[in-house]
Amino acid sequence: MTGVDVLLLALGAVAVGAGALVVTTRHLVRAGLHLVVCLGALAGMYLVLTAELVAWVQVLIYVGAVVVLLLFAVMLTRAPIGASDDLDRPGWPAALVGGGTGLGLSALLVDAYRWTTVELPEAGTAERLGAEIFGSWVLPFELLSVLLLSALVGAVVISRPDIGARPEPGDRPEHGDGRGSGDVR
């Protein structure tokens, strides 16, 4: 076992541990921060595998944009960020399904490859990767950006109670600024 193998195993353990904390923590903001650690460890694995471009895309897109968007949407919607007893459910069904899925996929992988070696393709370049992303995969890439934008707009709409609210028949503003009579409710 070489030093690269040890480093990959250590980063993999950090990623799996942080991923487990994402789904088991009761605090939403902490789950987002654990997600940052998980995705950062994955970027470190890409660096160890000498895929520098993919590692920096991982950091910029996922850690820098998606997690920030998640935390921004949580804080913008004023969702409860602490532990919530009324939303918690027993974790054993999820652990059972996740463990069964993991064992099934492991058995499938072992059965498919056994102890054979797989020939690796030639190393990719940033030029080939860019040609693939913006050639063959441009539509999913753009759909993802539209999805993220619509999530942000949805968070803004949800956070503003005055957008889309219909006035009650008896509520008529006395002033031209729409504030009503100034009474505190």
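So, here is what we can say about the structure in this document. (Residues numbered from 1 in each chain as written. Predicted model: local features only at pLDDT ≥ 70, side-chain atom pairs only at ≥ 80, totals over all residues. Heavy atoms only, no water.)

### Re the layout of surface pockets
Moving on, step 1. One number sums up the size of the largest pocket: a volume of about 570 Å³.
Moving on, step 2. Contributing to the lining of the largest pocket are 19 residues, with Val57, Ile61, Tyr62, Ile133 and Phe141 lying nearest its centre.
Moving on, step 3. Residue assignment for the lining of the largest pocket shows that the elements contributing at least two residues are helix H3 (52-76), helix H5 (126-136) and helix H6 (138-159).
Moving on, step 4. Take the lining of the largest pocket: its biggest share by element is 7 residues, from H3.
Moving on, step 5. A per-class count over the lining of the largest pocket returns 16 nonpolar, 3 polar and no charged. (1 Å grid on protein atoms, 1.4 Å probe; cavity = no way out; pocket = protein on both sides within 12 Å on 5 of 7 lines; lining within 4 Å. Points joined across faces, edges and corners; volume = space filled by probe spheres on them. Helix = DSSP H or I, 4+ residues; strand = E, 2+ residues; numbered from the N terminus. Nonpolar A, V, L, I, M, F, W, Y, C, P; charged D, E, K, R; others polar.)

### Here's the deal with the packing of aromatic side chains
Moving on, step 1. Inspection of the entire model under this criterion finds 1 aromatic pair.
Moving on, step 2. Their ring planes at 80° and their centres at 5.3 Å tell us that Phe134 and Phe141 sit as a pair that is edge-to-face.
Moving on, step 3. Taking the relative accessible area as the measure of exposure, Phe134 reaches 54% and is therefore exposed.
Moving on, step 4. Residue Phe141 is classed as partly exposed on the basis of its relative accessible area, which comes to 37%. (Phe/Tyr/Trp six-rings, centres within 6.5 Å; stacked < 30°, edge-to-face > 60°. Buried < 20%, exposed > 50% of the residue type's maximum accessible area, 1.4 Å probe, protein only.)

### Looking at the pattern of salt bridges
Moving on, step 1. Taken as a whole and assessed by the stated rule, the structure comprises 1 salt bridge.
Moving on, step 2. Asp111 serves as the salt-bridge partner of Arg114, at 2.7 Å between the closest nitrogen and oxygen.
Moving on, step 3. Classification of Arg114 as exposed rests on a relative accessible area of 57%.
Moving on, step 4. Classification of Asp111 as partly exposed rests on a relative accessible area of 45%. (Salt bridge = Lys/Arg side-chain N within 4 Å of Asp/Glu carboxyl O.)

### A look at the environment of Val59
Moving on, step 1. Inspection of the secondary structure puts Val59 in helix H3.
Moving on, step 2. Put simply, Val59 and Gly40 are 19 residues apart on the chain and 6.7 Å apart in space, counted from C-alpha to C-alpha.
Moving on, step 3. The contacts of Val59, once residues within four sequence positions are left out, are Ala43 and Gly64. (Contact = heavy atoms within 4.5 Å.)

### Description of the packing of H3 against H6
Moving on, step 1. Across the interface, H3 lies against H6 with an axial gap of 9 Å and an inter-helix angle of 15°. Overall, the two elements H3 and H6 adopt an arrangement that is roughly parallel. The element H3 and its partner H6 pack so that their crossing is left-handed. Residues Val66, Leu69, Phe72, Ala73 and Leu76 of H3 form the contact with H6, whose own contacting residues are Leu148, Leu152, Ala155, Val156 and Ser159. (Axes fitted to C-alpha atoms, helices over the stretch in contact; angles between N-to-C directions. Parallel < 35°, antiparallel > 145°, perpendicular 65-115°, else oblique. Left-handed = near helix turned anticlockwise from the far one by under 90°.)

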